[in-house]
Amino acid sequence: MAYGRWQPRVEAEQARAHVERLLGAGLRKAHVATLAGVSKTTVVNLTRAGTERISATVEQSILAVPVPERAADVAADNALVPITGARRRVQALVAFGYPQSRLARELGIDPGHATFGALVQRQLPDGHTGQFIPAGRERAIKGLFDRLQLIPGPSQRARDYGRRRGWALPLEWDETALDDPHGVPERARWTPPTGAQRRDERRGQVAALTERGLSAEQIADQLGVTTRTVVRDRGQATPEPRGEQLDSEIAVMGDVAARARRDIAARRGGRVNRRERTR
């Protein structure tokens, strides 16, 4: 106290309210303790109403932890975070035309594993709540969603599966609502193209990816189509203007006419020669 370095204990209410905000954002008590640099016991005690005062150092450490928009963005890879956002992203991609087997393969998860079952709300084994997922895997799912959310998937069967279960499409979800337990999608904001519209859109995607230097095989893998489809789309992505097309057709017809005249002349010449030989 004489040197002015003594830090007295302070009221716990401000730090307790901040911990509640962190927990409400999806962090768990162990995450908060790690980020604040204090023990988990300290955080647990702070959440109890009986704790009235804490050290000023603990208060400063806890208040220094910012409230994240997404718990998975700040948690360690193996830390468990709420599955809500990951589940909605996977279901939206299925409803957008991506087969579950493909999504599982891209994420490195066995399609029959309980983790993937929790994402698509299949029946889970006893004791598996399906409410949490490792933060590293959650970030991988978000990355996959960000990459595919504007590219329609190839499977009508997957689209039908998602529609029967009422799963929202990617663009029906607002980015801030995906991870909010109380968030709801904005239905009918976007519908997937069908028929010629889907084909034209795919051709536009093929043209754009070709300009970026991707091979036909890479484009086929990214769009979920065959390499032959990509090659065909490349050939039809930039049709000739009508005027040039007519000029080309006229030129072809001219060549045909010229060949016909030459053939006729050759046949006439052959008949003349035969007459001369007969004489």
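Summarised in this report is the structure supplied together with it. Quantities reported herein were computed from a predicted structural model and do not represent experimental measurements. (Residues numbered from 1 in each chain as written. Predicted model: local features only at pLDDT ≥ 70, side-chain atom pairs only at ≥ 80, totals over all residues. Heavy atoms only, no water.)

**What about helix α2 (residues 29–36)?**
Every buried residue belonging to α2 is among H31, V32, A33 and A36, and all of these are buried. Among the structural elements, α1 (13–24), α3 (40–46), α4 (56–63) and β3 (80–82) are those in contact with the buried residues of α2. Note on α2: the residue one or two positions beyond its end, G37, has a positive phi of about 75 degrees. (Buried < 20%, exposed > 50% of the residue type's maximum accessible area, 1.4 Å probe, protein only. Helix = DSSP H or I, 4+ residues; strand = E, 2+ residues; numbered from the N terminus. Contact = heavy atoms within 4.5 Å.)

**Focus: a positive patch on the surface**
On the surface, R28, K29, K40 and R48 cluster together to form a positively charged patch. As for its placement among the helices and strands, K29 is situated in helix α2. By relative accessible area, which is 32% here, K29 ends up partly exposed. (Patch = residues over 30% accessible without salt bridge, like charges linked within 9 Å, V, L, I, M, F, W, Y side chains within 5 Å. Areas by Shrake-Rupley, 256 points an atom, 1.4 Å probe, with all protein chains shown as cover. Salt bridge = Lys/Arg side-chain N within 4 Å of Asp/Glu carboxyl O. Lys, Arg positive; Asp, Glu negative; His and termini not counted. Charge placed at Lys NZ, Arg CZ, Asp CG, Glu CD.)

**Side note on the environment of F116**
Following the sequence through the fold, F116 ends up in helix α7 (residues 114–119). On the basis of relative accessibility, which here comes to 0%, the residue F116 falls in the buried class. A C-alpha to C-alpha distance of 9.1 Å links F116 and R87, two positions 29 residues apart in sequence. Ignoring any residue separated from it by four or fewer positions in sequence, one finds F116 in contact with V90, Q100, L103, A104, I109, D110, P111 and R122.

**A closer look at the side chain of Q149**
Note on placement: Q149 falls in the loop between α8 (135–148) and α9 (156–164). A residue is classified by how much of its surface remains accessible, and Q149, at 17% relative accessible area, is buried. Aside from chain neighbours lying at most four places away, what touches Q149 is L93, F96, P170 and L171.

**A short note on the packing of aromatic side chains**
The full count for this structure, using the stated rule, is 1 aromatic pair. Judged by centre distance (5.7 Å) and plane angle (65 degrees), the rings of Y161 and W167 are edge-to-face. The class for W167 is buried, based on a relative accessible area of 10%. Sitting above the plane of the F145 ring, R89 keeps its charged end 5.8 Å from the centroid. (Phe/Tyr/Trp six-rings, centres within 6.5 Å; stacked < 30°, edge-to-face > 60°. Lys NZ or Arg CZ within 6 Å of the ring centre and 35° of its normal.)

By themselves, these are just geometric observations and shouldn't be taken as functional.
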